[in-house]
Amino acid sequence: MPDGIVLACLVGLPFVAAIVAGLLPTRARDTASMLAGAVALVCLGLVWSAYGTVSGGGVLRAELPWMPQLGLSIVLRMDGFAWLFAGLITGIGALVVLYARYYMSAEDPVPRFFSFLLAFMGAMTGLVLSGHLVQLALFWELTSFLSFLLIGYWHHTAAARDGARMALTITATGGLSLFAGVLVLGHIVGSYDLDVVLAAGDTIRDHPLYIVALILIVLGALTKSAQFPFHFWLPHAMAAPTPVSAYLHSATLVKAGVFLLARLWPVMAGTDAWAWTVGLAGLITMLIGAYIAIFQNDLKGLLAYSTISHLGLITLLLGLKSELALIAAIFHTMNHAAFKCSLFMAAGIIDHETGTRDIRRLSGLNGPMPFTARLALVAAAAMAGVPLLNGFISKEMFFAEALSATAPVHPLLNVLPLAAMLASAFSVVYSLRFIHGVFFGSPPTDLPRTPHEPATWMRFPVEILVLTCIMVGVLPAATVGPYLDIAARAVLGDATPYYSLAVWHGVNLPLLMSVVAMAAGVTIYLILQRRLREGMDGPPLIRHLDAQRLFERAMVTLSWRLARTLERIAGTRRLQPQLRLILIAAIVAGAGAAFVRGVGPGNLVPAPIDPVLALLWVVGAACALGAAWQAKFHRLAATILLGGVGLVVCVTFVWFSAPDLALTQLTVEIVTTVLLLLGLRWLPKRMQSSSAREPEVLGRTRRLRDLAIATAAGGCMAMLAYVVMTRTPPELLAQHFLARAYLEGGGTNVVNVILVDFRGFDTLGEIFVVGVVALTTFALLRRFRPAADSVELPEQQRDQLEADEARHARDDGRHVADWLLVPFTLTRLLFPVMLVAAAFLLLRGHDLPGGGFSAGMVVAIAIILQYIVGGTEWTEDRLSLLRPPAWIGTGLLLAAGTGVAAWAFGLPFMTSYFSYADLPVLGKVPMASALIFDIGVFVLVVGATLLMLIALAHQSVRGRRSTPRTLPQAKASPRVADAVGGGG
Amino acid sequence: MTATMNWTIAAPELVLACAAMAILMVGVFARRDAWTMVSMLSFGALLGTAVLVIAGGQGPAVAFSGLFVVDGFAVFAKVLILLAAGLGLLLALDWHQREGIARFEYPIIVLLATLGMMMMVSANDLMSLYVGLELSSLALYIAASFARDDLRSTEAGLKYFMLGALASGMLLYGASLTYGYAGTTRFAGIAEALGTAPASAGLVVGLCFIAAGLAFKVSAVPFHMWTPDVYEGAPTPVTAFFSIAPKVAAIALFLRVMTGPFAPVIAQWQQIIILISAASMLVGAFAAIGQTNVKRLMAYSSIGHVGYALIGLAAGDEAGIRAVLVYMAIYVVMNAGAFGCIVAMRKGGKATERIEDLAGLGSTAPMMALAMAVFMFSMAGIPPLAGFFGKLYVFVAAVQAGLWPLAILGVLASVVSAFYYLRIVKVMYFDAGDVALDARPASISFVVAATGAATVLFAALPAPLLGAAAMAARSLVGG
C-alpha cells in the first residue's frame, strides 16, 4: 500500500469510527465495542504492514497541502520510533477495548465512551506520526481535550468533574506552552517540518532563543507526563473508568511527554540547561512519586503515583547526556506500558468484582480470584524489577546509566546511584504492598460484593500483557530486541551506540544495587506493614506538601484575587475615572512622544507679547477656570463665565485682524449663551455644594487633582500649538484661497468667498444640517415636559407675588407687566436699528467682514432680545411674520436655487457669477450671484435659530399649563395665541 | 491627484446610503407596525450591497479625487462588515420584539452604522476617515441606548457617547497635527512626507493621538473601560452587533492607517501597538475571570481578542496583516454564534445574563449547549476549532517578525482566558440547573447553527478564507 494511505488510515480511521460510534444508540454496547476493537486491530495491522519499510531504516511519509499560505500542510511521517509508539497505541488500544467491553456497565452510555476512546486513539496516533511541529502541538492539545472528556465520563460524580478539570487545566496549559515553544523552535530552524528540525541540531543549540524554546517545550512535556511539580493531576484523573486509566494514564497519554523529549533529544539534549531541567525534574519526580505511592490506600492511587515515579525515571534517563540512557528510556517506556497497563486492568477487575479499591479493606483475594492474583503478582514483580521480568532489564540499564552518568555538576552525579537505589527500593515496597495487601492475609470479609473470578475475556488482555512481561524478561534480545533497535536507530541514527539486551551481564555493580534495593524494599515493607494496614493519613514528612491544595490555592489566587485586583485597577464603572484615564493616557502618550522625539520651538520668532492682550488673556483664562470649577455646583455662573471666555476670544480675533471671525464669534457666542440659559431654566436644580457623604477635604483633593490634570492637558495642547505655529507652515490651502478669492470669486473677504463660492457646496450641505438640527430640536422639545421642581415660578417672581399680595393696592400679575419696563422700551427701539445693521452686514459680506451668517445671527439676536424682555406672547403677537419653518425652507430653496441656476447658463452646479451694481444711496455694491446664496444662508440662519428659541421658550408657556397632564399637543405653528401669563 | 469623481466604484456605499434613507421613509410612513418589513428590507439592502461590493472587483481604484479607495483589502473588510451587520440584525429580530423595543429605527441605525464602517475601511484620507468613523460612531451611540426606558441602556449610550466623543477629539487633534506637519491629509501624501526626511516629531505626536483614538474604537487597553459597561448595558443583540461589526471596521482602519500613511515610521508605532496588544491580552484574560455577567465577560473577552489581533498588526508585514484578517473573520463568526446563544438566554419571558443561568443547559438544550461549548472552546483556542487557527496565524506572524515575546505572552494569556471560557462549559454541563430556557426562535437557531458549523468546519476547508485574506493583505502592503 502507498505510504499516504497507510498513514492517513491510521490517523483518520479512528476518528471516522469515533463519529460512527457516537451516533450509535445509547445501549449499543456490543456494537460499539466490536467497532472499536475492529478499528484498533485494523490499525495494528496497518502498523505491522509498515514494518518492512521501517525495519530497513526507511521512513513512511505523506504530505497533504492544507493551509499552504502559512506553509502549513499535513505531514504524516513514520520512522522506527513513531512506528514503535504507533504499535503500542494500537496494540494496547485493542486490548483495552476488549477489557472495556466487560468492564463497562450496560447502564452507562457505552457508545459515547468508545467514541471518545477511538478519537483519543486517533489523536494519539496523529501525535506520534506528526511530521510537522504545529500539527504535533495540535494533536497534543486534542489528546488533552479528549482525556478531559474521558476522565469526566462519569460526570455525575464530583471527583470525576474535578479530576477532569484539573487534568485539562494542567495539560492544556502545558500544551499551549508547547505550542509557543514549537513556534519559537520553528522560528529558529526556519521550518516546522520535523525532518528539517531534526537535521538542525547545532543551529538550535547555538541559537540565543534555545533556552526559551527549551523551557516552553519542556514545560509542555513535563505537564503531560505528570512530572514534578505538575504531577498531582494524575492521581485525580483516577476518577476515570479503569480502562481509561489503563490506556491513557499508563500506556499512552502520559507517554506523550517522554515521547516528545525523546523525539527532540538529538537536537535539543546535550546541554547543561537540558540536563538541569529534564534531569532534575525526573529525579525529584521519581523519588517523590515512589515515596507517596507507598502510602496510598486506593489501589489506583498507588498505581498512579507509581506511574509518576516510573515516568520520572524515564525523564531522568532522557535528561542524562548519554545515548545508552536514551535507549534505556525507550525500552522502559515499553516495559512500563506492559506491566502498568496490566496492573491497572487487574485493579479494575478487583474493583469490578469486589466493589472497592481500598487496600485496607481488601485481603486474601488469592482464594476467590486465583488467576487474577497470579497475573497481578507477575506484573507487580515486573514493576518491582524482579529478575526474569521485563522491568528488571530496563532497571539494570538504568542503574548502569546512573553509575556512568556525566551529569553537569558533581553533587548530582554522586547522588544519582543512591537515588536510583532508593526509588527502586520504594518501588519494591509498594509492589509488595499491592500484592500482599490485596491477595494474601485473612479471607475477605465485609466487601460490597462477593469476590469471584471475572469473565474469561475480561482477563484475557491482562494475560497477554503479563505474557509479554515474561517473554521480554526472559528473552529480551529475541523478542523485543529488533523493535527497540529500529526505534533507537530512528532517533539516534548513526550515533546509536552498542548495547546488549540480556538478562545476565555477570555479577556487576548494577546487579549488586538491584539486590540491595530489593532487600531494602522488603525490609522497609516489613517494618511499615502494620502501620500501613491500619491506614496512615498520607505519607509522613511530606503530608502537608499537598500539591493539589497548592494548585487550588494558586488557581483561586490567580483566578479570583488577581483577577479582582486587576479589574479594580484596570476597570471601573464610573464615568469620571474613565474620562480621567483616557485623558491621562493621551497626555502621557503625547508628551512622551514629544519628549522622546525632542520637539522644540520652531524657526519662527514669535511676535512680542502685548501687555494689554496678555492681561485680557489672564481674564479669559480665569473665566475658563472659573467655569470649569463651577460647572458642577452653579451652572448659571459657569455659563456666564463661559460667555466671558468667548468674549476674550472674540477680542483676540479683532486684535489679530480677523474682524469677520470676531463678528461671527460674537454673534454665535450671544445666541448660544442665551439658548443655554433658556435650557438651564428647565433642568432640575443641582446641589449647591459637594455631597456630605465624604469629608470635604477628600472632595477638595479630588477636585484639585482634576484641576492639575486639566491644566496639564491644556498646557500640553498649548505647547503643541506653540511648537506648530513657530514653524514655517508647509504649502497649505490658505495660500491657494488667498490668491484666488478676488480673481475667481470676485470678493475680497476670503472667508466669505470660501463659504459661499469655493466651498459653496459644503456650505449648502451645512445649512441643510442646520435646518435639520433646528427641526429636530423642535420635534424633540415638543414632547418635553419640564421636571417637576422647575415648573413652579422662579424665586424672584414668587417674592414679588408675595409682596404684591401684601399690598392690596396692586393687582395680581402686575409684577409681570411691569417687569423690566425701561429695558423693554429700549429693546423695542433697538429692534429696527439691529435689522438695518444686519442688512448692512449681509450686503458688504462679499468684500468686507460680514456675510449671511453673521447677518442672520444679528437678526436672531434682535428677536431674542424681544423675547427675553417682552415675553413670548407679546413678541409673537406682534411679529406675526415669525414662521421659522417657512424661513428655513425659503433659505434652503434660495441657496440651492442659486446653485441650480448655474445649470441654466450651461455651467456646472454652484458656479458663481459676479459684477458690481450701482445702487442709489448705497453706491457701488458687489452683486455676485453668491450674494443670493448668502441671502439664502441668512434666511435659514434666522429661521433655524428662532425655531430653537421658540422650542425652548414655549416650555415656559407649557410649563405654566402643565399642572394637569391633559395637555393639548403643541401646534406645528409656533404661534401660541391662547397662552396666558408671560415671562420668557 | 486627478480631480475626478469616479463615483461608480463607491456604488455599494451610495446604494446603501440611499437604501437606508428610503427604508427610513418606509418606516415613517408605514401604517402598521413596520418592524418586520423594515428589517426584511434592511436585509435586502445589506445583501444587495454585498453583491455590489463583490461584483465591483478588487480595484485598486480611487474615487472622489482620492478620498476614497477600493482595493482587495477594502472588499474583504466590507464583506466581513456586511456579514457581521447581517448577523447582528438577525439576532435582534426576535429579541427586540419580545423586549418591546422593536422600533423600525433600529435596522436603519444598523444600516447607517454599516455605511460608516464601509467608508472607514475605504478611507484614503484623514478627512474621509473621520467622516466615516463619526457616521458609524453616532449610529452606535444611539444603538447602545436603544432600550431608552431601560436605565442601564441609556447609561451605556451616554457613557459611550462621552468617551467616544473624547476619543474622536483626540483622533481629530492628531489628524490636525499630522496635517499641520505633512501639509496634506491624503494618505499617500502623508507617507511621502514621512518617507523623505527623518520623521518630524510633530508627526509622531500626531500619530500618537491618532493611534489613541483608534485604540479607543477597537477598545484596546488602556482605552477599554467603556467596553464592559456598554456591552452590559446595551440590549443584548446590540451588544452582539457591537462586538463584531465595529470591531472589524476599526481594526481594518487601524491596519490601513498604520501600514499606509504611517508605514515609514513603523518603528514608532510598532512599540505602541506591542504595548497595547500585550496590555489588552492580559486585561482581557484576567479581568474576565471574576465576571458573573456573561455580557461583561464577553466584553473582556473581546478586549482580549483585540489584543491577539493587534499582535498581527505589531508584526506589521504582509503575513501579520493576513493573520489579523483571518483572525477577525474567525472572530466575527464565533462571536456572533456565542452571542446568538446569549441572546437566546431567556427564562420565563425575561432575559437573563448571569453565567449561572446557563447551568444545566447540557441536558435541557443539548444542541445549544453543544454550540456554545464549540464557541467557547474555539475562543479559548483549542484545536481543531477555528479559533485555534486564528491564534496560530497571528502567533506565527509574530514569531516570524521576531516578536516572539509577544507571541509567548499571547499563548500565556490564552491559557488564562481558557479558564473562563471553560468555566462556561463547566456550568453548562456539570452544574445542575433549575429552570430550562425558553424556546428559542428560528432566527437564532439559524445563526447559531451556521456559525457553529463554520467554526467546526473551518479546519477542513480553510482555503477560501485564507486565500481571500492573503489577497487582501497583499493589496494593502504588497503593492
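Keep in mind the model is a prediction, meaning the values are calculated, not measured.

(A) Structural context of the side chain of Arg423(B). Structurally, Arg423(B) can be placed in helix α17 (residues 404-430). Setting aside anything within four residues of it in sequence, one finds Arg423(B) in contact with Trp560(A), Ile289(B), Gln291(B), Leu297(B) and Ile355(B).

(B) Examining helix α18 (residues 370-384) of chain A more closely. Residue and element names in this part refer to chain A. For α18, built from 15 residues, the straight-helix expectation of 21 Å at 1.5 Å per residue is met to within 8% by its first-to-last C-alpha distance of 21 Å. Among the residues of α18, those classed as buried are Thr372, Ala373, Leu375, Ala376, Ala379, Ala380, Ala381, Ala382, Met383 and Ala384. Taken from the residues just after α18, glycine 385 is the one with a positive phi, measuring 85 degrees.

(C) Here's a closer look at the interface of chain A and chain B. Counting residues at the interface gives 66 residues for chain A and 66 residues for chain B. Across the interface of chain A and chain B, roughly 6000 Å² is buried in total on both sides, 78% from carbon and sulfur atoms. Put simply, chain A and chain B have zero salt bridges between them. One can count three residue pairs in polar contact (both at pLDDT 80 or more) joining chain A with chain B. Elements with a contribution of two residues or more to the side of chain A that touches chain B: β1 (60-67), α6 (133-151), α7 (158-189), α10 (210-224), α25 (547-570), α26 (575-597) and α30 (696-725) of chain A. Element by element, the count of residues in the side of chain A that touches chain B is highest for α26(A), at 13 residues. Counted by class, the side of chain A that touches chain B contains 46 nonpolar, 10 polar and 10 charged residues.

(D) Seen up close, the state of the cysteines. In the structure shown here, the tally under the stated rule is zero disulfides over all chains. In this structure Cys716(A) is a free cysteine whose sulfur lies 12 Å from that of Cys208(B), the closest cysteine sulfur available.

(E) Inspection of the packing of aromatic side chains at higher detail. Residues and elements named next belong to chain A. Taken as a whole, this structure holds 35 aromatic pairs over all chains when the rule is applied. Geometrically, the ring pair formed by phenylalanine 113 and tyrosine 153 is edge-to-face, given 5.4 Å between the ring centres and 65 degrees between the ring planes. One end of the pair, phenylalanine 113, is in helix α5 (residues 110-129); the other, tyrosine 153, is in the loop between α6 and α7, with 40 residues separating them in the sequence. For the pair shown, phenylalanine 113 and tyrosine 153 are each scored as buried. Measuring from ring centre to ring centre gives 5.9 Å for phenylalanine 398 and phenylalanine 399, while their planes differ by 35 degrees; the resulting arrangement is tilted.

(F) Examining the packing of helix α17 (residues 323-354) of chain A against helix α21 (residues 456-474) of chain A more closely. All names here are of chain A. In contact at an axis separation of 9 Å, α17 and α21 are set at 150 degrees when each is read in the N-to-C sense. Between α17 and α21, the crossing angle belongs to the class labelled roughly antiparallel. Judged by the sense of rotation from one axis to the other, the crossing of α17 with α21 is left-handed. Here α17 contributes Phe331, Asn335, Ala338, Phe339, Cys341, Ser342, Met345, Ile349, His352 and Glu353 to the contact with α21, which in turn contributes Met458, Arg459, Pro461, Val462, Leu465, Val466, Cys469 and Val472. Residues of the contact of α17 with α21, tallied by class, amount to 13 nonpolar, three polar and two charged.

(G) Geometry of the environment of Ala896(A). Residue and element names in this part refer to chain A. Relative to the helices and strands, alanine 896 is located in helix α40 (residues 884-904). Linking alanine 896 and threonine 825, residues 71 residues apart in sequence, is a C-alpha distance of 39 Å. Other than its neighbours up to four places away in sequence, alanine 896 contacts Leu764 and Phe909.

About the criteria used
- Residues numbered from 1 in each chain as written.
- Chains lettered and ligands numbered in written order.
- Predicted model: local features only at pLDDT ≥ 70, side-chain atom pairs only at ≥ 80, totals over all residues.
- Heavy atoms only, no water.
- Helix = DSSP H or I, 4+ residues; strand = E, 2+ residues; numbered from the N terminus.
- Contact = heavy atoms within 4.5 Å.
- Expected span 1.5 Å × (residues − 1).
- Buried < 20%, exposed > 50% of the residue type's maximum accessible area, 1.4 Å probe, protein only.
- Buried area = accessible area lost by both parts, 1.4 Å probe.
- Salt bridge = Lys/Arg side-chain N within 4 Å of Asp/Glu carboxyl O.
- Polar contact = N/O pair within 3.5 Å; in protein donor to acceptor, adjacent residues only side chain to side chain.
- Nonpolar A, V, L, I, M, F, W, Y, C, P; charged D, E, K, R; others polar.
- Disulfide = S-S within 2.5 Å.
- Phe/Tyr/Trp six-rings, centres within 6.5 Å; stacked < 30°, edge-to-face > 60°.
- Axes fitted to C-alpha atoms, helices over the stretch in contact; angles between N-to-C directions.
- Parallel < 35°, antiparallel > 145°, perpendicular 65-115°, else oblique.
- Left-handed = near helix turned anticlockwise from the far one by under 90°.

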